[in-house]
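An overview of the molecular structure
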Amino acid sequence: MSERLPSPFIADRPALDHALPEARHVPATGSTPELALLDEIKALAPPRTDATAWRDNAPYLYGMALFEAGFYWEAHEVWEPVWMNCAPNSPERHLLQALIQYANAALKRDMGRARATRRLIEACGKHLGRVPRTSGQDAFMGVDAVRWRTLLADRIAVDGAL
């Protein structure tokens, strides 16, 4: 596994009620995802994703922890129902799309797929541009969008990708 990507998340968030999977899944490597665990978490998604209630959204929080631990495929999976429950064209929806694409870009990077990584990072940046520019205690849904934009720009300027 390559080095972990910088986290866009603030540190001040609720603790998890569920353990992380034992091993990460990377497609085409013979690994197997822990689908029962992920399905259990996904089932906890609220019917509507609300930015003011992000601290109570178990799949959203679990996805943060998965991402930070390098479980990129799993983070993408648990964020899907959270994204699907966002209002159309809302800041929440754009944030979730950016996070899902960031996780997918990290996974593609680890799989050695540079072109796919660059394409996903570009898509991530477009969605991130539609998220409120907040940071610190005011971070939108626990994401320091200002810091994240800077991290992405710096990383791409140095490496040409992630």
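Preceding this section is the structure that the text describes.
These lines cover the structure that appears in this document, whether it is placed above or below. (Residues numbered from 1 in each chain as written. Predicted model: local features only at pLDDT ≥ 70, side-chain atom pairs only at ≥ 80, totals over all residues. Heavy atoms only, no water.)

**A look at helix H3 (residues 72-84)**
- Taking 1.5 Å per residue as the helical rise, H3 with its 13 residues ought to reach 18 Å, and the 18 Å between its terminal C-alpha atoms agrees with that figure.
- At Val78, H3 shows its largest bend, some 25 degrees, and a proline, Pro81, comes one to four positions later.
- Most of H3 sits out of view: 10 of its 13 residues are buried.
- Burial in H3 covers these residues: Tyr72, Trp73, Glu74, Ala75, His76, Glu77, Val78, Trp79, Pro81 and Val82. (Helix = DSSP H or I, 4+ residues; strand = E, 2+ residues; numbered from the N terminus. Expected span 1.5 Å × (residues − 1). Bend = angle between axes of the 7 residues up to and from the residue. Buried < 20%, exposed > 50% of the residue type's maximum accessible area, 1.4 Å probe, protein only.)

**Re the pattern of salt bridges**
- Under the definition given, this model contains four salt bridges.
- Linking Lys42 and Asp39 is a salt bridge whose minimum nitrogen-to-oxygen distance equals 3.6 Å. Of the two residues, Lys42 and Asp39 are both situated in helix H1 (residues 35-42); the distance of three residues between them amounts to about one turn of the helix.
- Accessibility expressed as a relative area gives 22% for Lys42, which makes it partly exposed.
- Look at Asp39 and you get partly exposed, because its relative accessible area is 42%. (Salt bridge = Lys/Arg side-chain N within 4 Å of Asp/Glu carboxyl O.)

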